[in-house]
Structures are given as C-alpha cells and as structure tokens.
Amino acid sequence: MDKIERLINLTAYLLDRGHPVTLEQLSTTVYADHEGGGEALRRMFGRDKDELRDMGIELEAVTAAGGEEVGYTISREKYYLPQIDLTPQERIALGMVSRLFLGSGTPFSGPAHSAMLKLAFDARAGHPELEVPSMRWVDVPRERGTLDTILDALVRRKVLSFSYRSLDAGEPLKREVEPYGLLNRRGSWYLVGRCRVREEVRCFKLDRITSKVGRNKKSPRSADFEVPTDFDLQKEARWEWLLPCEEEVKARVSFAPRLAFAFESGRANVVTSKRLKDGTLKVTYRVGDPEEFVDWVLEFGADARIISPPELVAMARERLQGVLRSLGGEDG
Amino acid sequence: MDRVAARINRMLIMVPLILREEGASIGELCRALDVSEKELMEDLDTLWLCGLPSYTPLDLIDRRIEGDRVYLSMADYFRRPLTVTRQEALTLLVAGRALISAGFFEEKGPLGSALEKVEGLLSEEQKGDVEDIAQRIEVELDSYSGRWWEEIEKGIEIGQNIVLEYYSYSRDEVTEREVEPFSLVWSRGHWYFLAWCHLAQDTRLFRLDRIKSVEPTGHKAARSAEAEFYVPELVGEYRPGRKAHHVKLRFLGREGRRLAEEWPAAVFTDNPDGSVTVEFRTRNLTWLSNYLLKFGDRFQIESPGELEVMVKEKVTELLGVYGRDES
C-alpha cells in the first residue's frame, strides 16, 4: 500500500467508524501489511498523524473512561464541511476573494483553489455557479519554493537562513532571520523579521536573496521564537522613500497630443488639466517624490516635458546632461 | 504543500463532487480541479484501491466510467469535502484584506460578514492563530481610479469583445485591436487587462494606464481564460523575434542590481569594478532610448552603436527644450 492509499484509508476508516480505534486495531487493519515491529508502527502512525494534521485533518487521541488504552478518532462534526449560509452578495464577494490568488504563482494559489471549490460545493448542486468579475493577482516568477519556505516558516515560527545582498553591499552576507511578517508592495515581496546577525527587525527584499532559503529543520513541531506582541507590519514597513516629502511640490507638465492620454499613469496626483487647441495637454500635479516624478516624465522621451517648478526642471536637465557626459558627447 | 498532500487534498475534494447519483462529467472535473485527464485518471485509479478493512473488492471504492461521465460508490464516508482548513482561511483573509484596503470592498459590507462566517468554521484555537498570522501578511494592491475600469469589467462580466486603442511602450506606437476580455490582473505593481488579442492572435496583457480608448463591439467573446499563465511571456518585449537587437549596457552596481529585479529576462553580470553588465534582446530601440534617460550618468552603452546615436539625439532635442525654458 503506498502512502497516499494508506493516508486515505486511515481517514476513511476513522470517519466511517465514528468512535475511537486503538493502535492495536489499526495494526490489523490499515497497517495490516506493515512489516516492522510495534515501535516502528508507532513511529509510522505518528508521522501519518502529523501529515494529516498539516492537511487539516485532526486525529484526536481519546482515553476511554477508566480505560488505559488510547483510541484515535476523527470527529465527523469537525471534518465535514458544514453548509455555509451565505447571502448572494456574500457569495459574490467570497468568489472574488477566493479567485484573487488563482494561478498567482504564490503559495496562496493552491489553498485559494481548494477554498473556492469548497465554497461552491453546495451552490454547485442546485444553482448554477454565480459568475463573478474576475480580478487576479499574479506574482513575478522567481525560483519556486522560496516563498513557500518563507511562508511555512512564518506560520510555524521557524528560523530561516539565507545569503542576502543589499543594494549597496558588494558581497552577500549570511543571515539568520526570525520571520515575523511578509509584505508584497508594488509587486515585490519583502520578508520582515528579526535578523539574528544585526539583532534588530529588518526588511529583506526577496529579490536580493542570493542563496537557497533554508528553514531550521530541528523539532519541526515546536516554534523557535515568539513574535513580539507589539510587532506591527505596517510600522516596520514605513520606509522613508514612501513617505511624502515635508512639503509637497506642485509641478506642471506639458504632454504632446500623441501620448497625452497617459497623463495619469504615474504616481503623482493630478490637480488640474487643460487641453490646448493643438491637442497639447498641460497638467498640474501634486508631487510626493520629486526623483520618481522626474524619472516618470523622462520615460515619455520627447512627448512630455516639465514646465515648472524650476527645481524639477533643473533635475531633469541634470539627468540629461549626465547622459551626455557618460556617453562622451559634448556637454549641453 | 508537498506533492502527496496536494494530491490527497485534491482527492478529498474530488470524491464528494463525483459521489452524486448523476456522477460527474470528466471534462468539467478536469476544468474545476485544474488537472489534465491523465492526472484525473491517476487519482481515480488510486481511489479505486482505497476503502475500508478488510480491503476486499467489496470494501473498496467502486469506480465506473461511462462516456464522459464518472461515477463513484462505496465511499459514503467522503460524502462531504473536508471543512475549510487553516491555510485556506488564511488565504481568504489575506486576499480579503487586500481587496478591502484597496477600496474594492467596504470593511463592514458583505465581504466582512462572509469572512466572519468562514472564520466561524474554524475552532477557537485555529481562529486565533489564523487571525494572528493574517495580521502579519499583507499584499498591497493599488486602487484603480483611472478610466476604463468599469467598461472592461463590464466586458468581462457579459463576455463581450472590446476594441482597444493601446499604446505599446516597447514599440512606441498606438494601435487599435479587437480583444476578448479575460480578467483584470495585478502584477509587478501595475494593473493589467488580460485578453485574447485578435491582432497578435495570442493572449496579451495590456497595462491599464496605457489604454487610450475602450469601445464595446457587441461581438460575443468566444474564448475563456486559462487558469495558469506566465506574465513575462505575455509582455511583448520579452519575446523578441529574430530581427531583435542585441543590447549590452553597463550600470553602476546599485542601479544594475535594481534593474535585475525588474527585468527577469535579461542576463546580468557583475564586473570586478562593482558595475553590472546587462544584456538582453529587444525588437525596438525607441522605447529604450526614452527609458534610459532617467539614469543620467549612471549607465553606459556598450552596444549597439545605433542606440547610442538615438539617445544622444533625444538628449540634445530635450536639452534644447529645457534650455529654452530657463531664460
């Protein structure tokens, strides 16, 4: 009997019996063709029990009143999916939520898929499944398994080890990190945790991990650390470059007619916009991050230019002159 | 989840779906479970060997296939799926919170009450655990306040084709095309519209903020989206043809490494002086000559020479404009 058959048979037997079954009884049924001694069988059963628990199937150990023998059971009440009483609006909302991570290439894809099937289980029988507008979240492809390992360690509170190279560092450094939180911002994943080398809470961008991520394999069922009760993911991830500048800058940009429709594609907020007779669009923005704003306007090439304020015009000019310097052309 | 766990999980969902008097359609099962027919048959073969003690043919799950339908019996103990697990609840909470923070749902609305009902399926201990972990995982989505969202969503909902005017940054041109709408996709910090494109005869992702106009056609959409797709394959610049230019650039280390995070398809090499060489292929150099401007003096062009000429021309043109403004 292979492992999959054995685990399914064990689940089937305990669900079907509905009352506790001793290891002795299991040894003549589910484990009848097991060829080790009693101790080997006990260990195998222990591993099976842990694996089923990881899948969400709980085998409870019950001692009969006065008896010494321990029996194992799966509570039908806890195993079977109950009918969930959802309003049509709730069903649509949950449909959208469970579909968000479908095919996303993250460790959430699988659970999102099974959750969707379970939530639709009773709807499937009678009513046609409600069509919901589809909105999806897709990850940047990366080495498979990195995110799985990190999420798993976060849930089980196990220490991670990996090599990490920050943008400014020449060489990667080996780190040991207690994973506290996980954040995806602007499409990139960040691990937030206590670095055992630096002895402080830090953010690690997953793209900057240069090695395989290892998880402490010792005593997998017990946690390696506690997460401080005052840990606040958003607080740790309030990075300087995301904060608005002390004073917001108002900037005016002129767009050539050809690409004027894309005037909202940046991160700055539009204050006013005015279209001239020739199709040119003049837009005023409230700018939080001048560097990023200038980068964005320059991506339009000759189809957009900053009119004011003089500081931003000077920044754009400095970039352009830098290009000429670097390419060895005459400085403008 | 490892392979064994994933298969068992799938089989425990599959059995109750088939266990009805009317059985289940093999094609529909494959679609719903997102497996090939071969994988489904392997699962059914395994289930056929499972059952209750003493595992004689009379105790095992019985499987019958007639045409496109499959029937199961002798598996009444699997009549309903396994309840929502901790992992599934966690996934729903993380996704739900992302959609609430981005403003797609209100916190107190139907999503909030539905998530509460899902959490109600967990034990008290599991619930506390899942809530604690969900607090520490966050995926941020931008709310999309721009134009076209409603028009596109409507096209998806009623399955109607759309004519797009779209600005392709990699080709630096605006083209018109009829597309069959699939879904709205959040990836790499941008919202995209995923659709089958009649012009390209392939699936394409269109960045929402580069769409110039949207017009419903009244044509019924004929295709449906596949469950899995790989983003860079769909973004034009990563699939250059034979005529593509080979580009070789050198960046200061910091810039180069940041680009490596953004361009998964390019080849990056660390140089002894700390700089990073980036090599990739592209069909069109116009976008690149625009894109490079923002790097100022922090990059050099090694090849092609044509690109260097284009960048210099562009800079001279722009400096002319910015220079005049100064006076």
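Residues numbered from 1 in each chain as written. Chains lettered and ligands numbered in written order. Predicted model: local features only at pLDDT ≥ 70, side-chain atom pairs only at ≥ 80, totals over all residues. Heavy atoms only, no water.

This brings us to the overall build of chain B. Looking only at helices and strands, chain B features 11 helices and 13 strands. Relative to the globule expectation of 20 Å for 327 residues, the C-alpha radius of gyration of chain B, 27 Å, shows a markedly less compact shape. Its C-alpha atoms put chain B at 90 × 45 × 45 Å along the principal axes. Burial statistics for chain B: of 327 residues in total, 52% are counted as buried. Taking the intrachain contacts of chain B between residues at least 6 apart in sequence as the baseline, contacts between residues at least 24 apart amount to 60%. For chain B, the exposed area adds up to about 15400 Å²; of that, 47% sits on carbon and sulfur atoms. Counting 43 positive and 59 negative side-chain charges, chain B places the centres of these two groups 3 Å from one another. (Helix = DSSP H or I, 4+ residues; strand = E, 2+ residues; numbered from the N terminus. Rg over C-alpha atoms; globule rule 2.2 N^0.38 Å. Buried < 20%, exposed > 50% of the residue type's maximum accessible area, 1.4 Å probe, protein only. Contact = heavy atoms within 4.5 Å. Areas by Shrake-Rupley, 256 points an atom, 1.4 Å probe, with all protein chains shown as cover. Lys, Arg positive; Asp, Glu negative; His and termini not counted. Charge placed at Lys NZ, Arg CZ, Asp CG, Glu CD.)

Looking now at the sheet that holds strand β12 (residues 281-287) of chain A. All names here are of chain A. The antiparallel open sheet is built from 4 strands, whose spatial order is β11-β12-β10-β13. A strand with exactly one partner marks an edge of an open sheet, and here the two such strands are β11 (269-275) and β13 (304-308). On average, each strand axis in the sheet is tilted by 25° relative to the strand beside it, whichever way the strands run. Bridge count for strand β10 (residues 249-255) against β13 is 4 bridges, and the pairing is antiparallel. Its bridge partner being in β13, V253 is matched across the sheet by I306. Where helix α10 (residues 290-298) meets the sheet, its contacts fall on β10, β12 and β13, and the angle it forms with β10 comes to roughly 0°. Packing against the sheet, helix α11 (residues 310-327) makes contact with β10 and β13, and its axis sits at approximately 140° to β13. (Pairing = 2+ DSSP bridges. Axes fitted to C-alpha atoms, helices over the stretch in contact; angles between N-to-C directions.)

Attention now moves to the pairing of strand β2 (residues 62-66) of chain B. Residues and elements named next belong to chain B. Pairing between β2 and strand β3 (residues 69-73): 5 bridges, direction antiparallel. Bridged to I65 within β3 is V70. In this antiparallel pair of consecutive strands, β2 and β3, the connection spans 2 residues, and G67 shows a positive phi of 60°.

What follows is about the state of the cysteines. As used here, a disulfide is simply a covalent bond connecting the sulfur atoms of two cysteines. Within the structure shown, the criterion is met by 0 disulfides over all chains. Here C195 of chain A stays free of any disulfide, with the sulfur of C203 of chain A as its closest cysteine sulfur at 12 Å. (Disulfide = S-S within 2.5 Å.)

To continue, consider the packing of helix α6 (residues 109-119) of chain A against helix α4 (residues 86-101) of chain B. Remark: α6 of chain A packs on α4 of chain B, axes separated minimally by 9 Å, with the N-to-C direction vectors making an angle of 95°. Viewed along their axes, α6 of chain A and α4 of chain B adopt a mutual orientation that is roughly perpendicular. Packed against α6 of chain A, whose contacting residues are P111, A112, S114, A115, K118 and L119 of chain A, the element α4 of chain B presents Q87, E88, T91 and L92 of chain B at the interface. The class makeup of the residues in the contact of α6 of chain A with α4 of chain B is 5 nonpolar, 3 polar and 2 charged. (Parallel < 35°, antiparallel > 145°, perpendicular 65-115°, else oblique. Nonpolar A, V, L, I, M, F, W, Y, C, P; charged D, E, K, R; others polar.)

Buried accessible area, meaning the area lost when the parts come together, often serves as the stated size of an interface. What the domain assignment reports for chain B is domain 1 (3-78), domain 2 (86-135), domain 3 (149-238) and domain 4 (245-326). Using C-alpha coordinates to define each centre, domain 1 of chain B is positioned 31 Å away from domain 2 of chain B. (Domains from an automatic or database assignment.)

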